[in-house]
Amino acid sequence: MEIFLMKAVQLITALVILVFIHECGHYLLARAFGIKVNRFYLFFNPWFSLLKYYPSEGKIELGAWTHKTEADGKTTEEPRALLTLKTKKFSATNRKGRPSWAATMYGLGWLPLGGYCDIAGMVDETKSAADLEAEPQSWEFRTKPAWQRFCVMVAGVVFNFLLAIVIYSGIAYHWGERIPVYQEAYEGMNYAEPLLDAGLRNGDILLAVNGKRADAKDTGLGLDMIQAGTEITVLRDRRDTVTVTVSAAVRDSMLARQTFPMAFRCPVFVEDVPAGPAAEAGIVKGDRIVSVAGVATPSMSEFYPALESHKGSEVEVGVLRDGMQLTVPVKLTDAGKMGIMLRPIDKIYEIEHRKYSLLGAIPRGWELGTGQLTAYVSSLGLLFTKEGAKSVGGFGTLGSIFPEKWDWQQFWSLTAFLSVILAFMNIIPIPALDGGYVLFLLWEIVTRRKPSDKFLEVANTVGFAFLLLLLVYANGSDLFRFLGK
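Described in the following lines is the structure provided in the data block.

The rules behind these values
Residues numbered from 1 in each chain as written. Predicted model: local features only at pLDDT ≥ 70, side-chain atom pairs only at ≥ 80, totals over all residues. Heavy atoms only, no water. Pairing = 2+ DSSP bridges. Helix = DSSP H or I, 4+ residues; strand = E, 2+ residues; numbered from the N terminus. Expected span 1.5 Å × (residues − 1). Buried < 20%, exposed > 50% of the residue type's maximum accessible area, 1.4 Å probe, protein only. Polar contact = N/O pair within 3.5 Å; in protein donor to acceptor, adjacent residues only side chain to side chain. Phe/Tyr/Trp six-rings, centres within 6.5 Å; stacked < 30°, edge-to-face > 60°. Lys NZ or Arg CZ within 6 Å of the ring centre and 35° of its normal. 1 Å grid on protein atoms, 1.4 Å probe; cavity = no way out; pocket = protein on both sides within 12 Å on 5 of 7 lines; lining within 4 Å. Points joined across faces, edges and corners; volume = space filled by probe spheres on them. Nonpolar A, V, L, I, M, F, W, Y, C, P; charged D, E, K, R; others polar. Axes fitted to C-alpha atoms, helices over the stretch in contact; angles between N-to-C directions. Parallel < 35°, antiparallel > 145°, perpendicular 65-115°, else oblique. Left-handed = near helix turned anticlockwise from the far one by under 90°. Contact = heavy atoms within 4.5 Å. Bend = angle between axes of the 7 residues up to and from the residue. Lys, Arg positive; Asp, Glu negative; His and termini not counted. Salt bridge = Lys/Arg side-chain N within 4 Å of Asp/Glu carboxyl O.

**Observations concerning the sheet that holds strand β7 (residues 205–209)**
Read across the sheet, four strands follow the order β8-β7-β9-β10 without closing on themselves; strand pairing throughout is antiparallel. Single-partner strands in this sheet number two, and they are β8 (212–213) and β10 (240–245). Where β7 meets strand β9 (residues 231–236), four bridges bridge the pair, whose relative direction is antiparallel. Across the sheet, residue L206 finds its bridge partner in β9, namely V234.

**Points about helix α11 (residues 408–427)**
Between its first and last C-alpha, α11 extends 29 Å over 20 residues, near the 28 Å set by a 1.5 Å rise per residue. Among all positions in α11, only F411, L414, T415, A416, L418, S419, V420, I421, A423 and N426 are buried. Where α11 begins, one side-chain oxygen reaches toward the backbone nitrogen of Q409, 3.1 Å away; that side chain belongs to D407.

**Some remarks on the packing of aromatic side chains**
Evaluation of the coordinates by the stated rule reveals 22 aromatic pairs. Ring centres of F402 and F411 lie 6.4 Å apart, and the angle between their planes is 40°; on these two criteria the pair is classed as tilted. Each member of the pair, F402 together with F411, is buried. Each ring, one from F411 and one from W412, has its centre 5.2 Å from the other, and the planes form 70°; the classification is edge-to-face. A residue is classified by how much of its surface remains accessible, and F411, at 1% relative accessible area, is buried. Site record: aromatic cluster; members linked through ring pairs are F20, Y27, F40, Y53, F90, W101 and Y106. A cation over an aromatic ring shows up here: K36 above the ring of W139, its NZ or CZ 5.4 Å from the ring centre. Geometry around Y54 places K59 over its ring, the cationic atom sitting 5.0 Å from the centre.

**A look at the sheet that holds strand β16 (residues 324–331)**
Whether parallel or antiparallel, the strands of a sheet pair through hydrogen bonds between backbone atoms. With antiparallel pairing, four strands are arranged side by side in an open sheet as β14-β13-β15-β16. Only two strands of the sheet have a single partner each, and these edge strands are β14 (295–296) and β16. Two strands pair when backbone bridges link them, and strand β13 (residues 288–292) and strand β15 (residues 314–321) are joined in this way by four bridges, in the antiparallel orientation. Pairing of R288 across the sheet is with L320, part of β15.

**Thoughts on empty space enclosed by the protein**
In this structure the tally under the stated criterion is two cavities of 30 Å³ or more. Of the voids in this model, the largest cavity is the one considered here, and its volume is about 180 Å³. If you go around the largest cavity, you meet 15 residues; those closest to its centre are F141, R149, L441, K450 and L456. Per element, the largest residue contribution to the lining of the largest cavity is four residues, and it comes from helix α12 (residues 434–447). Tallied by class, residues from the lining of the largest cavity come to nine nonpolar, one polar and five charged. Here the second largest cavity is characterised by a volume of approximately 40 Å³. Contributing to the lining of the second largest cavity are P431, A432, L433, G436, Y437, F440, L456, A459 and N460. Residue assignment for the lining of the second largest cavity shows that the elements contributing at least two residues are α12 and α13 (453–484). Residues of the lining of the second largest cavity, tallied by class, amount to seven nonpolar, two polar and no charged.

**With respect to the pairing of β10**
The pairing of β9 with β10 spans six bridges and is antiparallel. Within β10, the residue paired with V234 across the bridge is V242. Adjacent in sequence and paired antiparallel, β9 and β10 are bridged by three residues, among which D237 carries a positive phi angle near 55°.

**Thoughts on the packing of helix α2 (residues 146–174) against α11**
Contact pair α2 / α11: the axes reach a minimum separation of 8 Å and the direction vectors enclose 160°. Between α2 and α11, the angle is such that the two are roughly antiparallel. Handedness of the α2/α11 crossing: left-handed. Of α11, the residues touching α2 (which contributes V157, N160, F161, L163, A164, I167, Y168 and I171) are Q409, W412, S413, T415, A416, F417, S419, V420, L422, A423, N426 and I427. Residue composition of the contact of α2 with α11, grouped by class: 14 nonpolar, six polar and no charged.

**Quick word on α2**
Taking 1.5 Å of rise per residue, the 29 residues of α2 would be expected to cover 42 Å, and the 41 Å separating its terminal C-alpha atoms lies within 8% of that figure. The largest bend in α2 is about 40°, located at A155.

**Observations regarding the side chain of K7**
With respect to the helices and strands, the residue K7 is situated in helix α1 (residues 2–32). For K7, which is buried and forms no salt bridge, the nearest opposite charge comes from E404, at a distance of 5.5 Å. Non-local contacts of K7, meaning those with residues more than four positions away in its chain, are made with G399, S400, F402, P403 and E404.

**Quick word on the pattern of salt bridges**
Going through the model one piece at a time under the given rule, you end up with 20 salt bridges. With a closest N to O distance of 3.5 Å, R238 and E187 form a salt bridge. Of this pair, R238 sits in the loop between β9 and β10 while E187 sits in the loop between β5 (177–180) and β6 (189–191), and the two are 51 residues apart along the sequence. According to the relative accessible area criterion, E187 is buried, its value standing at 12%. Between R236 and D204 there is a salt bridge whose closest N-O contact spans 2.8 Å. Here D204 lies in the loop between α3 (193–198) and β7 and R236 lies in strand β9, a separation of 32 residues in the sequence. Taken as a pair, R236 and D204 share a single burial class, namely buried.

**Topic: unusual backbone geometry**
At N210, a residue that is not glycine, the phi angle is positive and equals roughly 55°. Examined against the element boundaries, N210 turns out to sit in the loop between β7 and β8. A relative accessible area of 46% places N210 in the partly exposed class. Although it is not a glycine, D237 sits at a positive phi angle of roughly 55°. On the accessibility criterion, D237 (46% relative accessible area) is partly exposed.

See the structure below:
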C-alpha cells in the first residue's frame, strides 16, 4: 500500500503541473486577445467544488455546490458553500473596457483527472450551441479572427511542449548526465526474451542499431530496437560481429510484455565486506566473484540464482583477486546471503559524466524534448497492431512508471516525458481535443467557411464520447492486467 500511495502521489503531482500549464496556455492567449474566460478550473468539479474564488465579487467559497429546488414546474438553482470568506474586490474590466483577469472565476475541483478553461463564446465540454444563442459580444471567442482562435487553441499544446524543454534543460543544468557507454560494457547486455528468440544472446555487446552507433543519449533507442525490420549489431564472445533483424512477431511480443529491450549485465565486484560469512571466509573489497559452487557467475544475473539454489549450504566461491583466481569456501545463510555489499554499475563500467552550463543546457533540453516526441510519434503505429492495442493502459500504467521512492531527478524526468505525451495527444485531430478545434479552424482559414455552432456541438459530443470510451478501455485494461496477476 505504501508503494501504491507513493506512486499515486507522484502521478497526481505530475498531472497537476501538466494540466495547470496546459490550461494556462489557453488562458493567457485568450486574455492576450481580449477574450473573456468564465472559469479556470484545476481538477474536475462534478456536483461539488473544493474551492471557488470570485475576484470581482471579493469572495472565496470553500466546499461549494449548486442546490436545485423545484416549485410550480420550475427549477431554481441556488449556489451554496460550507464556508464563505470575504476578500478584496477587483474590477471585472480593464482600462480599455475589456474583461480583466478578475472577470474569471477560479476553481479547484475534487476529481484529480484534469482541468479546464471555460472560454466565453466557445462550444466545448462546458457549454452547447444553445448557450451561444445570445448576441455575440466583442470579447467572445467566436467573434475573434480565425488566426487568433487558432493561437488560443494550440497554446495549451505549445505550453506543454515548452514545459518539457524547460524541465529537460533544468535536469541537464542541475544534475548533468551520467551516460553509460554500451560498447565498453564488457559483459554485454541481458536482452528481453523476444529479442533472444530473434537471435541475440545474453552477453552480446551492443554496437549499433540500424547502422548507427548505439548511444545511451539517444532517447528513442529502446523503441528503435523493437521496430519491425530493425537491424541490431552486436559483438559476440568479444570477437564476432553479428547482426540480427527484428521481425513483426518479435515487435508484437515486445509490446505485449511492456518491457525494455535490454539491461546491463553487471559483474559481481565486492564493494565492502561487513561482518558475516564472506568476511570470515577471507573475501575482501575489490574481489570479483566469478563462480558459485562451480557455476560461472559472470554477472549478477547468474550470481543471485546460484546463491538461491545453495542457501544454507557451504559452497566454493571462485574469486578473482589481483589477476589470480582463488577458491574460497563460504557458508551461506538460510536466506542465501553471503554478507557482501556489491559495487554499483557506475563504478564498474565507463560512465560519461557530462555537465552543462545554463546556456549549454537549453539546446540539450531541446534535443531531449524533440527526441522524446519523435520516439513517441514513431511508436504510435504500434498501437494499431493486435499486441499494441493490448498494451494500452490508463492511470495505473502511468503510475507504474514512477519509482517506489521519491527521487526528484526521476520525478522531473518522467513529468517532462508525460508533458511531451500530453502535448502530442492533445493535438490529435479528434473533436473535444485541441486538435479537433485546430482542424476545424484550419478548414475555416482555407475555405473561409466557419462550421456552425450546432455542428461543433455534435462533433464535440461525439469526440467526448469516444474519449470517454477510450478512457474506460485503457483503465479497464489496467484492471484486467492487475486481476490477471
